[in-house]
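Secondary and tertiary structure notes
Now for the letters of each chain:
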Amino acid sequence: MKKILILLLIVTSVICMSMVSTGPSTIESEITPISINKKGQILCKTRFTQNKMGSYNPMIVEYGFCILTNDSILEIKTKVLNPNKFNNEDKYYEELKYWDKIFRGKTSTEQLYTIKNKILKNNYNFTEVNTDQYKVDKEISIVEFEKEKKISLKEKRQKALKNARSTTYHSKKIVHILYDFGTIICLKNKTDYDDNEIGAYFDYLISWGDENGIEQKIDYDITTIVGVLNLK
C-alpha cells in the first residue's frame, strides 16, 4: 500500500510539473509594407514565429519579405533564427533583438536598394519607401467597414503568411485597418487573454490527439496576425 501511495505521489508530481511548465500557445505572423511600385505591387517585410505548445523555451523566428499583388502573397525567406544553432540563449536573444530592431525600424532608401538588387534581383521595380501615405491604423466596426468597401467579409477571406486564410470573425465584430492601398488592405488581427479580440481567426491550427488517438484541431491562444484583404 505504501509503495502504491508513493507511486501516486510521483505521478501526480510529474503531472503538476508538466502543467506549470507550459504557457499559452502563441503565433505571430506579421507583414509590414515598405514600398509600392507603379504596377500596384507592394513590397513588405515579414516576421513569423509560433509556439504551439506554450513552451518557455526560445522559438524559431523567420524574417523575410513578401510581395503583395491583387491575387497573391509571394514570400521570400531571408533569415531564420533557430535557437538550437546557438551555443547559449544569450547569443540567441542578442540576435533576436538585432533582427527585431531591423524589422520594427523604418526602412531606408539604401536598404530598399539592397533588397531590390540582392534579394529581388531587380525583378520588381521598387524605387521608393513610400507606404506611409497609405497607413490608416484605426479600428472600425465590421458593419461600417463592409458598407464602406461594399463587400461581405463572409465571402472575402483574408490571406496571411504560410498560405493561411481567415475563418470566422471575433464576436466583437471589429477590424483594425493598418494600411489601405485601395484594392489591397492590410488588417491586424489579434487575440489575447485580456479580452482584446480584433478581426478574425485564421486556419493556423494546432494538431492535437485526444485519448482515442483522434486528431483534434485547436486554435492558438494568443495571436498577432496581419491579414491581406484583396478587394479586386
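Right above here is the structure, for reference.
A few points on the structure. Given the structure is predicted, the values throughout are model-derived calculations rather than measurements.

In this section: the overall build of the protein chain. When its secondary structure is counted, the protein chain shows 4 helices and 13 strands. Reported as C-alpha extents along the three principal axes, the dimensions of the protein chain are approximately 80 × 45 × 30 Å. By residue count, 39% of the 232 residues in the protein chain fall in the buried class. Sequence separation of 24 or more characterises 62% of the internal contacts of the protein chain that already satisfy a separation of 6 or more. Counting every atom, the protein chain has about 14,300 Å² of accessible surface; 53% of that belongs to carbon and sulfur. For the protein chain, the separation between the mean place of its 35 positive charges and that of its 30 negative charges on side chains is 5 Å.

This brings us to the pairing of strand β11 (residues 205-209). Sheet topology places β11 next to strand β12 (residues 215-219); 5 bridges connect them, and they run antiparallel. Across the sheet, tryptophan 208 pairs through a bridge with glutamine 216, a residue of β12. Hairpin connection from β11 to β12: 5 residues lie between these consecutive antiparallel strands, with glycine 213 at a positive phi of about 80°.

Bringing the side chain of serine 35 into the picture now. With respect to the helices, strands and loops of the structure, serine 35 is situated in strand β1 (residues 26-36). Residue class for serine 35 comes out buried when judged on its relative accessible area of 0%. Looking at serine 35, its side chain comes within polar contact range of the main-chain oxygen of glutamate 128, at 2.6 Å. Those residues in contact with serine 35, other than ones at most four positions away along the chain, are Gln41, Ile42, Leu43, Leu112, Phe126, Thr127, Glu128, Asn130 and Thr131.

Residues Leu68, Phe145, Leu153, Tyr204 and Leu229 are the most contacted members of the largest nonpolar core, which totals 37 residues. With residues near it in sequence (within four places) discarded, phenylalanine 145 still touches Ile140, Ile151, Leu153, Val175, Ile177, Ile185 and Leu229. Residues Phe65, Ile67, Ile115 and Phe126 belong to the second largest nonpolar core, which totals 8 residues.

Here we come to helix α2 (residues 89-104). With 16 residues, α2 should cover 22 Å at 1.5 Å per step; its first-to-last C-alpha distance of 22 Å lies within 8% of that length. By the burial criterion, the buried members of α2 are Tyr92, Leu96, Asp100 and Phe103. Looking straight down α2, one finds its buried side chains confined to an arc of 65°; they lie on one side. Residues of α2 that are exposed and point over 90 degrees away from its buried face: Asp90, Glu94, Lys97 and Lys101.

One non-glycine residue, aspartate 137, lies in positive phi territory at about 50°. Within the secondary structure, aspartate 137 is located in strand β5 (residues 135-141). You can call aspartate 137 partly exposed: its relative accessible area is 44%. Located in the positive-phi region is lysine 173, a residue other than glycine, with phi close to 55°.

Moving on: the pattern of salt bridges. Applying the stated criterion across every chain yields a total of 11 salt bridges. Between arginine 104 and glutamate 30 there is a salt bridge, with the nearest N and O atoms lying 2.5 Å from each other. Here the residue arginine 104 occupies a position in helix α2, and glutamate 30 occupies one in strand β1, the gap between them amounting to 74 residues. The partner of aspartate 132 in a salt bridge is lysine 106, and the shortest N-O contact between them spans 3.1 Å. With aspartate 132 in the loop between α3 (109-119) and β5 and lysine 106 in the loop between α2 and α3, the pair connects residues that are 26 residues apart, well separated along the chain. Residues participating in the shared-partner salt-bridge network are Glu28, Glu30, Arg47, Asp100 and Arg104.

What counts as what
- Residues numbered from 1 in each chain as written.
- Predicted model: local features only at pLDDT ≥ 70, side-chain atom pairs only at ≥ 80, totals over all residues.
- Heavy atoms only, no water.
- Helix = DSSP H or I, 4+ residues; strand = E, 2+ residues; numbered from the N terminus.
- Buried < 20%, exposed > 50% of the residue type's maximum accessible area, 1.4 Å probe, protein only.
- Contact = heavy atoms within 4.5 Å.
- Areas by Shrake-Rupley, 256 points an atom, 1.4 Å probe, with all protein chains shown as cover.
- Lys, Arg positive; Asp, Glu negative; His and termini not counted.
- Charge placed at Lys NZ, Arg CZ, Asp CG, Glu CD.
- Pairing = 2+ DSSP bridges.
- Polar contact = N/O pair within 3.5 Å; in protein donor to acceptor, adjacent residues only side chain to side chain.
- Core = buried A, V, L, I, M, F, W, Y, C linked by side-chain atoms within 4.5 Å.
- Expected span 1.5 Å × (residues − 1).
- Arc of directions from axis to C-beta.
- Salt bridge = Lys/Arg side-chain N within 4 Å of Asp/Glu carboxyl O.

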